[in-house]
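Coordinates in review
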Amino acid sequence: LLSRRQRQMCIRDRTITVTYQEKTATFNITVYDIISIKVKEYFGKTSVFFIGDENTGTYRYAAKSLTVTYENGEEETVSYGNFTETLVDTSKAGSYYTTISYKGKEIQNPYTVYGSPFTTTTGYPDKESATATLDLNTGVCTILGTNQVGVPVNTPRSFGEKIKELKISEGIIGIYRFTFC
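Model, not experiment: these values are computed from the prediction. (Residues numbered from 1 in each chain as written. Predicted model: local features only at pLDDT ≥ 70, side-chain atom pairs only at ≥ 80, totals over all residues. Heavy atoms only, no water.)

Within the largest apolar cluster, 11 residues are counted, these being F50, F118, A130, A132, L134, C141, I143, V149, F159, I163 and I172. For this core, the secondary-structure elements that each account for two or more residues are β12 (130-134) and β13 (140-145). When residues in this core are grouped by element, the largest group, 3 residues, is from β12. The residues contacting I172, other than those within four sequence positions of it, are A130, I143, L144, G145, T146, N147 and V149. Counting 10 residues, the second largest nonpolar core, distinct from the first, contains I37, L66, V68 and I100. (Core = buried A, V, L, I, M, F, W, Y, C linked by side-chain atoms within 4.5 Å. Buried < 20%, exposed > 50% of the residue type's maximum accessible area, 1.4 Å probe, protein only. Helix = DSSP H or I, 4+ residues; strand = E, 2+ residues; numbered from the N terminus. Contact = heavy atoms within 4.5 Å.)

What follows is the structure in structure tokens.
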């Protein structure tokens, strides 16, 4: 929260004069500064990629709308196209941010790019009882562990497209759900 002095600095009293057909009206208004912005909705749900993945289409990872909060506590929803966001760069593995800007305010939006090999948990009913490791160069996905195979955790959208061969170890007793094959 802002101090009283900070709030007074944000508030700007303005006089607006409107003239139409030789008639004039004057209005006193108060303009409040933006104190924060945050992502309200995304186009896609995944913030993880493999090296070289494209971030395009309906399910791309980008802000679809923002919640803008003004000094007086009022909030406004700002739609895509009315703010800027830097692009997702999938040229090398690591953790990165896009920067979203709106009227002088900026926030960072995290995303991760994975290289090869990529390993994730995929056990069922407990996630840790099995892992899936994908070699991005060969397309071989090896599942190791015990119990059943479930839905892989925190995987890039292109995970299933990259699998060319699936190897399952003897400890796996069934497939509950493996939605990427």
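The mixed open sheet is built from 4 strands, whose spatial order is β10-β12-β13-β15. Looking at strand neighbours, the two that pair on one side only are β10 (118-121) and β15 (165-168), the edges of this open sheet. Each neighbouring strand pair of the sheet contributes to a mean axis angle of 20 degrees, computed without reference to strand direction. By the bridge criterion, 5 bridges tie β12 to β13 in an arrangement that is antiparallel. Counted as the bridge partner of A132 is I143 from β13. (Pairing = 2+ DSSP bridges. Axes fitted to C-alpha atoms, helices over the stretch in contact; angles between N-to-C directions.)

So, about the pattern of salt bridges. As a working rule, side chains carrying opposite charge can pair if their charged atoms are close by. In this structure the tally under the stated criterion is 2 salt bridges. Between K162 and D53 there is a salt bridge, with its nearest N and O atoms 3.6 Å apart. Within this pair, whereas K162 is found in helix α2 (residues 159-162), its partner D53 is found in the loop between β4 (48-50) and β5 (63-70), the two being separated by 109 residues in sequence. With relative accessibility at 12%, the residue D53 sits in the buried group. (Salt bridge = Lys/Arg side-chain N within 4 Å of Asp/Glu carboxyl O.)

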